[in-house]
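One-letter residues, chain by chain:
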Amino acid sequence: MNNFSYILAAQPDEALRDWTGPGRPAYLAGGTNLIDHIKLGVDQPQRLIDVRNLGLDQIEALPGGGLRIGATVSNTALAYDERVLKDYPVLSQAILSGASPQLRNAATTAGNLLQRTRCSYFRDGLSPCNKRQTGSGCAALGGFNRTHAVLGTSERCIATHPSDMDVAMITLDAVVRLRGVSGERTVPLQDFYVAYGEDPAKENVLKPGELITAVDLPATEWFARSYYFKARDRASYEFALASAAVALDLREGLVRDCRIALGGVATKPWRAHAAENALKGTRPTEQAFRAAANAELSSAVPRAHNGFKIELCRGTLMQALQTTAALA
Amino acid sequence: MDEPADSLASASFFTGARDVAAGISRREAIARTLKAGAGLSVLSQVGGLLRGATEPPPSPSAPGPVTVTLNINGDAHTLAIEPRVTLLDALREHLGMYGTKKGCDHGQCGACTVLVNGERVNSCLTLAVMHPGDDITTIEGLADGDALHPVQAAFIKHDAFQCGYCTPGQICSAVALIKEGHAKTDAEIREQMAGNICRCGAYQHIVAAVREAMQPTG
Ligand SMILES: Cc1cc2nc3c(=O)[nH]c(=O)nc-3n(C[C@H](O)[C@H](O)[C@H](O)COP(=O)(O)OP(=O)(O)OC[C@H]3O[C@@H](n4cnc5c(N)ncnc54)[C@H](O)[C@@H]3O)c2cc1C
Ligand code: SF4
Ligand code: FES
Ligand code: FES
């Protein structure tokens with residue numbers, strides 16, 4: 001484990017100032033991903049700037065409705081918030097399906113958004129990995145890729161984004177609030193993550209030193225009819241092989257509107273536009289659910305060991321749609 | 001049946017009960033660990049000798065030690081440690097408190113579970129320097145003198161361990177679970193205890209112990 005200095009910032013602007021200076025900096029929140037990576041040698045920052053004390057630990061009601069979730073609100077606090085349980089159940093369910101109570105207590109909203117892949121070649125610190133070491137290759141392409149992605153991949157990287165929380169937030173039209181030295185900006189969460197390009201280490205639009213300060217959720221009445229379903233190798237304390245977050249606006253027996261996102265199968269939390277378009281305006285039947293899943297998965301690319309994920313994801317999404325449609 | 005502690009050659013390593021002597025039964029040895037408070041004052045003295053023994057050498061031009069005061073089981077401990085020292089390593093390697101266990105060191109097993117301001121966390125994935133001013137409770141701090149914490153007593157009554165390595169983490173986790181109040185059924189206890197892996201597979205008895213400790217009457 002490389003050594004580093006540690007500083008506890010007291011205000012967002014102080015954290016931004018602390019970022020500049022000699023030696024590679026990194027923001028530290030719950031530490032459940034960053035400290036793991038430092039131990040593995042995957043990340044070797046020289047200066048840690050603790051952001052847990054910036055006054056960003058509240059969940060506030062927005063004036064026009066909706067919620068503002070501070071960057072350092074713990075995953076536990078968010079999952080059990082009464083407003084989240086009532087208005088955005090998919091978010092609570094997704095968070096509680098992930099990690100463990102201990103980890104969720106330490107993990108934060110921003111840290112969860114920025115967690116890195118669990119690709120074992122990325123984490124071993126040794127194998128060729130374009131994400132860890134630009135241009136070194138991708139050991140997973142010809143290696144054991146059972147847990148890897150089937151959507152959004154490139155010949156440079158096929159790693160999945162591991163988060164459950166983010167998949168739910170995508171279906172809730174979440175907006176990320178960012179703060180840098182030149183001021184604040186907002187980015188819809190679905191545009192926050194980028195497709196793998198030349199450099200698969202570039203996973204999002206965050207600029208160096210920019211802080212995530214909050215995530216906003218809009219007030220949309222029908223988001224109360226939402227649900228998260230996760231398939232994995234064991235019943236708990238395990239990452240998704242495939243997961244689906246669904247919100248349905250059902251009126252007069254028709255799907256008026258919907259949001260669908262997939263986890264565990266794609267290189268980023270995956271907004272399933274093709275599935276949404278296939279489902280809108282239809283009656284919520286098994287046939288329609290299958291057509292929606294097929295529409296999204298027709299572009300899936302299997303590798304040597306992860307072909308099963310396509311069928312698993314189809315079933316996962318159909319199950320999620322069926323359960324959501326049946327909610328009272 | 002109780003076995004002599006001798007047959008558990010590594011017992012002193014994993015229980016931290018360095019005073020385990022021939023003739024003490026396994027059950028007694030573990031009960032001592034569960035209480036732990038007894039051996040603790042001795043252990044915190046040897047802690048100083050062990051300091052540095054298991055740490056990697058500092059890298060060149062590395063930032064030096066910083067001073068941090070940790071409030072552990074009601075006692076303030078001031079340490080000079082490098083920022084990279086995890087809370088787990090501060091407890092074990094710098095304070096000689098071996099009750100909290102290191103299993104995976106990567107958040108994947110729960111053996112290192114402690115309570116920070118009453119909330120359970122993995123002490124292997126948090127830095128000691130992140131916790132000045134926090135109230136930290138470890139397995140050594142649960143008993144009230146010689147009176148076991150109800151969760152400790154329930155674990156002994158239900159024989160909720162085999163090797164005992166995961167047990168301090170299981171017990172700290174269960175103490176928090178009861179306070180959180182999200183688990184009512186056995187299935188919910190299992191889900192809420194999922195962050196604590198037991199390699200021996202003592203899960204049936206662990207669930208029974210937690211279920212009993214959850215009862216309002218104890
Ligand atoms: C064993 C294990 C199992 C897990 N299982 C699951 C699972 O099933 N599902 C799931 O979704 N997750 C799972 N996780 C991942 C867990 O959810 C993440 O580790 C956690 O959410 C990260 O949050 P943190 O606050 O600890 O982040 P940190 O580790 O502190 O930081 C993560 C990254 O975010 C950056 N960062 C943090 N805050 C800010 C900010 N405000 N602005 C800018 N950058 C910031 C840091 O610099 C770092 O790069 C698991 C983790 C472990 C160890
Ligand atoms: S899939 Fe991506 S993260 Fe995994 S080895 Fe290939 S380049 Fe690295
Ligand atoms: S040692 Fe911390 S979770 Fe395994
Ligand atoms: S009792 Fe041996 S690991 Fe749980």
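Calculation rules
- The numbering scheme is per chain: residues are counted from 1 as the chain's sequence reads.
- Key to labels: chains lettered from A, ligands numbered from 1, both in the order written.
- Only residues with pLDDT of at least 70 get local features here, since the model is predicted, and only at 80 or more are side-chain atom pairs given and counted; chain-wide, interface and lining totals rely on the full set of residues.
- Working from all heavy atoms in the structure, the side-chain values ignore hydrogens and water.
- The pairing criterion is simple: DSSP has to find at least two bridges between the two strands.
- Strands are runs of DSSP state E lasting at least two residues, helices are runs of H or I lasting at least four, and both sets are numbered from the N terminus onward.
- Residues count as neighbours in contact if any of their non-hydrogen atoms are within 4.5 Å of one another.
- Helix axes are fitted only over the stretch in contact, all axes being lines through C-alpha atoms; the angle between N-to-C directions runs from 0 to 180 degrees.
- Throughout, the term near means that a residue has one or more heavy atoms lying within 4 Å of the molecule or strand in question.
- Classes in brief: Ala, Val, Leu, Ile, Met, Phe, Trp, Tyr, Cys and Pro nonpolar; Asp, Glu, Lys and Arg charged; the others, Gly included, polar.
- Residue-level accessible areas treat just the shown protein chains as cover; the underlying method is Shrake-Rupley with a 1.4 Å probe.
- Expected span of a helix, by definition, is 1.5 Å for each gap between consecutive residues, and there is one gap fewer than residues.
- Buried, partly exposed and exposed residues are distinguished by accessible area as a fraction of the type maximum, computed with a 1.4 Å probe on protein chains only: under 20%, between the cut-offs, and over 50%, respectively.
- Using a 1.4 Å probe, buried area is obtained as the accessible area two parts lose upon being combined, added over both of them.
- Here, a salt bridge means any side-chain nitrogen of Lys or Arg that lies within 4 Å of a carboxyl oxygen of Asp or Glu.
- For this analysis, a polar contact is any N or O atom pair within 3.5 Å, provided that within protein one partner can donate a hydrogen and the other can accept it, and provided that sequence-adjacent residues contribute only side-chain to side-chain pairs.
- Between the rings of Phe, Tyr and Trp (Trp by its six-membered ring), a pair exists once the centres lie within 6.5 Å; its type follows the angle of the planes, with under 30 degrees stacked, over 60 edge-to-face, and the other angles tilted.
- An angle below 35 degrees is treated as roughly parallel, one above 145 as roughly antiparallel, one from 65 to 115 as roughly perpendicular, and anything else as oblique.
- The crossing is said to be left-handed when, going from far helix to near helix, the turn is anticlockwise and less than a right angle, and right-handed when the turn is clockwise.
- A score from 0 to 100, pLDDT tells how confident the predictor is in each residue.

(A) Quick look at the sheet that holds strand 12 (residues 270-271) of chain A. Residue and element names in this part refer to chain A. Taken together, the four strands give an open sheet; going across it, the order is 9-10-11-12, and neighbouring strands pair in antiparallel fashion. Edge strands, defined here as strands with exactly one partner in the open sheet, are strand 9 (226-231) and strand 12. Bridge count between strand 11 (residues 254-263) and strand 12: two bridges; the pairing is antiparallel. When the sheet's bridge partners are listed, Leu-262 is paired in strand 12 with Trp-270. Sheet strands touched by helix 5 (residues 89-96): strand 9 and strand 10 (242-251). Its angle to strand 9, the strand with the most contacts, is close to 20 degrees. Docked against the sheet, helix 13 (residues 308-326) engages strand 9, strand 10 and strand 11, running at close to 35 degrees with respect to strand 10.

(B) Main features of the site of ligand 2. Close contacts around ligand 2 come from 15 residues, with Cys119(A), Cys129(A), Cys138(A), Cys157(A) and Ile158(A) the closest. Of the residues that constitute the shell around ligand 2, the class distribution is 11 nonpolar, two polar and two charged.

(C) Spatial organisation of the site of ligand 1. Near ligand 1 there are 34 residues, and of these Tyr27(A), Thr32(A), Leu34(A), Thr108(A) and Asp164(A) occur at the shortest range. More than one chain lines the surroundings of ligand 1; the residues nearby belong to chains A and B. For ligand 1, the accessible surface in isolation is 990 Å², of which the surrounding protein chains cover 94%. Only strand 2 (25-28), helix 7 (109-113) and strand 8 (211-217) of chain A provide two or more residues apiece to the shell around ligand 1. Top contributing element to the shell around ligand 1 by residue count: helix 7 of chain A, with three residues. Class assignment for the residues of the shell around ligand 1 results in 15 nonpolar, 14 polar and five charged.

(D) Looking closely at helix 6 (residues 167-180) of chain B. Residue and element names in this part refer to chain B. Between its terminal C-alpha atoms helix 6 stretches 20 Å, which fits the 20 Å expected from 14 residues at 1.5 Å a residue. Counting buried positions along helix 6 gives 11 out of 14 residues, so the element sits mostly inside the fold. For helix 6, the set of buried residues is Thr-167, Pro-168, Gly-169, Gln-170, Ile-171, Cys-172, Ser-173, Ala-174, Val-175, Ala-176 and Leu-177. The first or second residue beyond helix 6 is Gly-181, which carries a positive phi of 75 degrees.

(E) Here's a closer look at the sheet that holds strand 3 (residues 113-116) of chain B. Residues and elements named next belong to chain B. The sheet built from five strands is open, its strands ordered 2-1-5-3-4 with mixed pairing. Whereas interior strands pair on both sides, the edge strands pair on one side only; in this sheet they are strand 2 (75-81) and strand 4 (119-122). Each strand axis lies, on average, 40 degrees off the axis of its neighbour in the sheet, ignoring direction. As paired elements, strand 3 and strand 5 (residues 135-137) share two bridges and run antiparallel to each other. Bridge pairing in strand 5 links Val-116 to Ile-136. Against the sheet, helix 6 makes contact with strand 3 and strand 4, and its axis sits at roughly 40 degrees relative to strand 3, the strand it touches most.

(F) Representation of the interface of chain A and chain B in the model. Counting residues at the interface gives 31 residues for chain A, matched by 33 residues for chain B. Summing the contributions of chain A and of chain B, the shared interface buries around 2,600 Å²; its carbon and sulfur component is 54%. Between Lys39(A) and Asp105(B) there is a salt bridge, and its shortest N-O distance comes to 2.8 Å. Viewed at the interface, chain B and chain A are joined by 15 residue pairs in polar contact (both at pLDDT 80 or more). A class-by-class count of the residues in the side of chain A that touches chain B yields 14 nonpolar, 10 polar and seven charged.

(G) Quick look at the side chain of Arg314(A). All names here are of chain A. Mapping Arg-314 onto the fold places it in helix 13. Only 3.1 Å separates the side chain of Arg-314 from the side chain of Glu-311, close enough to count as a polar contact. Ignoring any residue separated from it by four or fewer positions in sequence, one finds Arg-314 in contact with Arg-290, Ala-293, Asn-294 and Leu-297.

(H) Summary view of the environment of Asp75(B). With respect to the secondary-structure elements, Asp75(B) resides in strand 2. Judged by its relative accessible area of 46%, Asp75(B) falls in the partly exposed class.

(I) Representation of the packing of aromatic side chains in the model. Residue and element names in this part refer to chain A. The full count for this structure, using the stated rule, is four aromatic pairs over all chains. Where Trp-19 meets Tyr-27, the ring centres are 4.7 Å apart and the plane angle is 45 degrees; that geometry is what we call tilted. In this structure Tyr-27 comes out as buried when scored by relative accessible area, which is 19%. An angle of 85 degrees between the planes, with centres 5.3 Å apart, marks the rings of Phe-192 and Tyr-193 as edge-to-face. For Phe-192, a relative accessible area of 0% corresponds to the buried category.

(J) Summary view of the pattern of salt bridges. All names here are of chain A. One pass over the full model with this rule turns up 33 salt bridges over all chains. Arg-118 is paired through a salt bridge with Asp-36; the nearest N and O atoms lie 4.0 Å apart. With Arg-118 in the loop between helix 7 and helix 8 (120-123) and Asp-36 in helix 2 (residues 34-40), the pair connects residues that are 82 residues apart, well separated along the chain. The residue Glu-286 makes a salt bridge to Arg-290 at a minimum N-O spacing of 3.8 Å.

(K) Quick look at the pairing of strand 3 of chain B. Residue and element names in this part refer to chain B. Because side chains alternate across strand 3, one face comprises the buried residues Thr-113 and Leu-115, and the other comprises Val-114 and Val-116, equally buried. Note that strand 3 and strand 4 share four bridges and pair antiparallel. Bridge assignment links Val-116 to a residue of strand 4, and that residue is Glu-119.

(L) Representation of the packing of helix 12 (residues 286-297) of chain A against helix 13 of chain A in the model. Residue and element names in this part refer to chain A. For the pair helix 12 and helix 13, interaxial distance at closest approach is 9 Å and the crossing angle is 140 degrees. As the angle between them shows, helix 12 and helix 13 are arranged oblique. The way helix 12 lies across helix 13 gives a crossing that is right-handed. Contacts between helix 12 and helix 13 involve Glu-286, Phe-289, Arg-290, Ala-293, Asn-294 and Leu-297 on the former and, on the latter, Ile-310, Cys-313, Arg-314, Leu-317, Met-318, Leu-321, Gln-322 and Ala-325.

(M) Molecular detail of the confidence of the model for chain B. All names here are of chain B. Considering every residue of chain B, the mean pLDDT works out to 80; 71% of them sit at 70 or more. Predicted confidence in chain B is weakest over helix 1 (residues 11-15), with a mean pLDDT of 33, and strongest over strand 3, with 99. Taken together, the stretch residues 1-60 has pLDDT below 50 and engages in 81 contacts with residues farther than four places along the chain or on a different chain. Scoring the predicted complex yields pTM 0.90 and, for the interface, ipTM 0.97.

(N) Seen up close, helix 13 of chain A. Residues and elements named next belong to chain A. Taking 1.5 Å of rise per residue, 19 residues should cover 27 Å, and helix 13 covers 27 Å from first to last C-alpha, within 8% of that figure. Taken together, the buried positions of helix 13 are occupied by Lys-309, Ile-310, Cys-313, Arg-314, Thr-316, Leu-317, Met-318, Ala-320, Leu-321, Thr-323 and Thr-324. Looking at the buried side of helix 13, the elements it contacts are strand 9, strand 10, strand 11, helix 11 (273-279) and helix 12.

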